[in-house]
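Structural overview for review
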Amino acid sequence: MPTKEEMERRANAAPGRLNETDGIQCPVCGNKGAVYRLDEAGCLYAAECECMARRRSLQLLRRSGLEGLVKESSFSNFQTPDAFTRRAREAALNYIKQSEGGWFFISGRPGCGKTHLCTAICRRFLLQNVPVRYLLWREDGPRLKAMVNNDPAGYAAEMEELCNVPVLYIDDFLKGKVTDADLNLAFALINARYNRRRSRTLISSQRSLEKIWALDEATGSRISQRAEGFILCAPAGAINWRCRTAAGKEKR
């Protein structure tokens with residue numbers, strides 16, 4: 001009669017195929033996602049392998065839309081040469097420690113580090129297996145507006161996920177010319193997130209919160225209330241890191 005160890009070894013011998021979709025190789029479970037064990041009654045049961053936490057994090061990252069940005073945007077490589085960037089980094093780290101439901105708002109000129117900092121926050125949540133969605137306003141906004149009439153069911157499904165995901169990052173909020181349709185979409189999304197008290201929302205924008213208030217008080221006031229304590233506005237003379245990086249490459 002085989003021993004308990006032999007029975008477990010046989011049950012775990014067959015390889016899995018999870019690595020074919022996520023590229024993660026696990027020597028513990030052989031890419032099955034589970035390790036088989038015998039209980040005291042001699043019944044075989046499956047225990048989730050530790051590799052599944054990494055696999056879920058990777059799936060969340062790919063679904064979030066942040067996969068490319070996350071690879072190059074972390075707190076460790078966020079440069080802090082002045083008072084604003086130091087204050088912004090400290091605020092972002094403190095924000096992560098806050099209880100559920102808080103918002104984070106940062107505004108400023110292009111290239112001042114808004115997207116980098118918000119992505120670094122999202123990266124931390126993803127590493128904690130918290131679902132995150134990324135919405136790039138200038139690309140996703142027009143797509144969603146078109147769906148209102150062309151694909152109402154698809155629009156409803158998309159908005160349902162955006163409104164309910166635990167962490168939503170809206171990048172370049174209300175960038176460019178703002179129409180009534182833009183304001184309607186912005187309010188629908190912001191109001192839904194506002195009413196879900198435990199949801200976190202991160203917003204980066206070239207428009208200050210005061211300018212958003214001027215466009216639509218209902219939207220601006222909701223952001224202001226939820227992001228209280230975490231509202232940052234880069235000074236007019238903030239460094240444009242994209243231009244500095246490009247200039248450095250040209251010199252080399």
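Residues numbered from 1 in each chain as written. Predicted model: local features only at pLDDT ≥ 70, side-chain atom pairs only at ≥ 80, totals over all residues. Heavy atoms only, no water.

The next subject is the overall build of the protein chain. Each helix and strand counted, the protein chain has 12 helices and seven strands in total. When the backbone C-alpha atoms are referred to their principal axes, the protein chain occupies close to 80 × 50 × 35 Å. When each of the 252 residues of the protein chain is scored for burial, the buried share is 45%. Partitioning the intrachain contacts of the protein chain with sequence separation of at least 6 by distance along the chain shows that 72% fall at a separation of at least 24. Summing over all exposed atoms, the protein chain offers an accessible surface of approximately 13,800 Å²; the carbon and sulfur share of this is 50%. Where the 40 positive side-chain charges of the protein chain centre and where its 29 negative ones centre are 5 Å apart. (Helix = DSSP H or I, 4+ residues; strand = E, 2+ residues; numbered from the N terminus. Buried < 20%, exposed > 50% of the residue type's maximum accessible area, 1.4 Å probe, protein only. Contact = heavy atoms within 4.5 Å. Areas by Shrake-Rupley, 256 points an atom, 1.4 Å probe, with all protein chains shown as cover. Lys, Arg positive; Asp, Glu negative; His and termini not counted. Charge placed at Lys NZ, Arg CZ, Asp CG, Glu CD.)

Turning our eyes to something else, we now look at the packing of helix α8 (residues 152-164) against helix α9 (residues 180-195). Angle between the axes and distance between the axes are the two parameters that describe a pair of packed helices. Viewed as axis vectors pointing N to C, α8 and α9 meet at an angle of 45°, and their least axial separation amounts to 8 Å. Accordingly, the angle class assigned to the pair α8 and α9 is oblique. Read as a crossing pair, α8 and α9 show a hand that is right-handed. Judged by residue contacts, Y155, M159, L162, C163 and N164 of α8 engage L185, A188, L189, A192 and R193 from α9. (Axes fitted to C-alpha atoms, helices over the stretch in contact; angles between N-to-C directions. Parallel < 35°, antiparallel > 145°, perpendicular 65-115°, else oblique. Left-handed = near helix turned anticlockwise from the far one by under 90°.)

When pLDDT is averaged along the protein chain, the result is 88, and 93% of the positions lie at 70 or above. Taken as a whole, residues 246-252 scores under 50 in pLDDT and shows zero contacts with residues more than four places along the chain or in a different chain. (pLDDT = per-residue confidence, 0-100.)

Enumeration over the complete set of coordinates arrives at six aromatic pairs. Taking the centre distance of 6.5 Å and the plane angle of 80° together, the rings of Y95 and F125 count as edge-to-face. Here Y95, found in helix α5 (residues 83-97), pairs with F125, found in helix α6 (residues 114-127); they are 30 residues apart in sequence, far enough to count as distant. Relative to F230, the ring of Y95 has its centre 5.4 Å away and its plane inclined at 70°; by these criteria the two rings are edge-to-face. Remark: F230 occurs in the loop between α11 (217-226) and β7 (231-233) and Y95 occurs in helix α5; sequence separation between them is 135 residues. With a relative accessible area of 0%, Y95 lands in the buried category. (Phe/Tyr/Trp six-rings, centres within 6.5 Å; stacked < 30°, edge-to-face > 60°.)

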